[in-house]
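# Observations on the model geometry
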Amino acid sequence: SQTIHQWPATLVQPVGSPLSLECTVEGTSNPNLYWYRQAAGRGLQLLFYSVGIGQISSEVPQNLSASRPQDRQFILSSKKLLLSDSGFYLCAWSVNPVGSGAFFGQGTRLTVV
Amino acid sequence: SQQGEEDPQALSIQEGENATMNCSYKTSINNLQWYRQNSGRGLVHLILIRSNEREKHSGRLRVTLDTSKKSSSLLITASRAADTASYFCATPPPNSGYALNFGKGTSLLVTP
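Residues numbered from 1 in each chain as written. Chains lettered and ligands numbered in written order. Predicted model: local features only at pLDDT ≥ 70, side-chain atom pairs only at ≥ 80, totals over all residues. Heavy atoms only, no water.

All right, on to the state of the cysteines then. Within the structure shown, the criterion is met by two disulfides over all chains. In this model Cys23(A) forms its disulfide with Cys91(A); the gap between the sulfur atoms is 1.9 Å. On the S-S bond that ties Cys23(A) to Cys91(A), the torsion sits near -75°, and the link is left-handed. Taken together, the residues span a long stretch of sequence, with Cys23(A) in strand β3 (residues 19–26) and Cys91(A) in strand β9 (residues 87–94) at a distance of 68 residues. In this model Cys23(B) forms its disulfide with Cys89(B); the gap between the sulfur atoms is 2.0 Å. Because the torsion about its S-S bond is 70°, the bridge between Cys23(B) and Cys89(B) counts as right-handed. Remark: Cys89(B) occurs in strand β9 (residues 85–91) and Cys23(B) occurs in strand β3 (residues 19–24); sequence separation between them is 66 residues. (Disulfide = S-S within 2.5 Å. Helix = DSSP H or I, 4+ residues; strand = E, 2+ residues; numbered from the N terminus.)

And the structure:
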């Protein structure tokens, strides 16, 4: 069966520090991978998606970047965090293309102080 | 870009009652999906309804789709306290099909 792992669960980082959130998927090949951000009490904002190794599409211009060094690994990064980067970050995968639903990790609560 | 909009934003009911949430969307779709999110957790896929379907059931869940009105509803029958969560509708973009667009969700509270 397929599983998705996302870590860490919580993170408190100072403004200006770097960020690296990692997500890995097991039990499937060539998945679509996604990073979403959810502000408190809000819906999900799509940040990045990837349809293959090294292929990254950015939905929102911002302080963040994403990389896919391996088929089932998706990394969200920042060189210098801003206060506005605080939020709940969710990684997800789906079959390519999405037609049967997406499967989410448990999320990372990022607080930038 | 946001596609679906859920209504109401918040809903409070007692155990045993039915809960109905609505979703409206803007463009044509191939399918519409409903997800559930417990507080502080990831989203869980509940049910998918295709554009050529009008109604779908899964346990205590009933989803309807009206493509002429660009709307969908999620009905949870005989609700339980454990159904307390946020519920989101999501649609794949009509052309790319790569990423789901989510609404802001309906926050459901079921009290014993």
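That covers the picture; the talk isn't over yet.
Applying the stated rule across the entire model yields eight aromatic pairs over all chains. Arranged with centres 6.2 Å apart and planes meeting at 40°, the rings of Tyr34(A) and Tyr36(A) form a pair that is tilted. Each member of the pair Tyr34(A) and Tyr36(A) is classed as buried. Taken together, the ring pairs in this structure connect Tyr34(A), Tyr36(A), Phe104(A), Tyr35(B) and Phe102(B) into an aromatic cluster. (Phe/Tyr/Trp six-rings, centres within 6.5 Å; stacked < 30°, edge-to-face > 60°. Buried < 20%, exposed > 50% of the residue type's maximum accessible area, 1.4 Å probe, protein only.)

Turning next to the sheet that holds strand β7 (residues 61–66) of chain B. Residue and element names in this part refer to chain B. Pairing is antiparallel in the open sheet, where five strands are placed in the order β1-β3-β8-β7-β6. Every interior strand has two partners, whereas the edge strands, β1 (5–7) and β6 (55–58), have only one. Adjacent strand axes in the sheet meet at a mean angle of 20°, parallel and antiparallel pairs treated alike. With four bridges connecting them, β6 and β7 associate as antiparallel partners. Across the sheet, Lys56 pairs through a bridge with Val63, a residue of β7. (Pairing = 2+ DSSP bridges. Axes fitted to C-alpha atoms, helices over the stretch in contact; angles between N-to-C directions.)

Here we come to the interface of chain A and chain B. With 23 residues of chain A at the contact, the number on the chain B side is 20 residues. At the boundary of chain A with chain B, the tally comes to four residue pairs in polar contact (both at pLDDT 80 or more). For the side of chain A that touches chain B, the secondary-structure elements that each account for two or more residues are β4 (32–38), β5 (44–52), β9 and β10 (102–104) of chain A. Residues belonging to the side of chain A that touches chain B are distributed by class as follows: twelve nonpolar, nine polar and two charged. (Contact = heavy atoms within 4.5 Å. Polar contact = N/O pair within 3.5 Å; in protein donor to acceptor, adjacent residues only side chain to side chain. Nonpolar A, V, L, I, M, F, W, Y, C, P; charged D, E, K, R; others polar.)

Moving on, we come to unusual backbone geometry. In this model, Trp7(A) is joined to Pro8(A) through a cis peptide bond whose omega is 0°. For Pro8(A), the location among the structural elements is in the loop between β1 (3–7) and β2 (10–13). A cis geometry characterises the amide bond from Asp7(B) onward to Pro8(B), with omega recorded as 0°. With respect to the helices and strands, the residue Pro8(B) is situated in the loop between β1 and β2 (10–14). Even without glycine at this site, Asn30(A) takes up a positive phi of about 50°. Within the fold, Asn30(A) resides in the loop between β3 and β4. Accessibility expressed as a relative area gives 38% for Asn30(A), which makes it partly exposed. Located in the positive-phi region is Ala78(B), a residue other than glycine, with phi close to 45°. Structurally, the position occupied by Ala78(B) is in the loop between β8 (71–76) and β9.

Turning our attention to the side chain of Arg68(A). Residue and element names in this part refer to chain A. Mapped onto the fold, Arg68 is located in strand β7 (residues 65–70). Residue class for Arg68 comes out buried when judged on its relative accessible area of 3%. A distance of 2.8 Å separates the side chain of Arg68 from the backbone oxygen of Pro31, its partner in a polar contact. At 2.5 Å, the side chain of Arg68 forms a polar contact with the backbone oxygen of Asp71.

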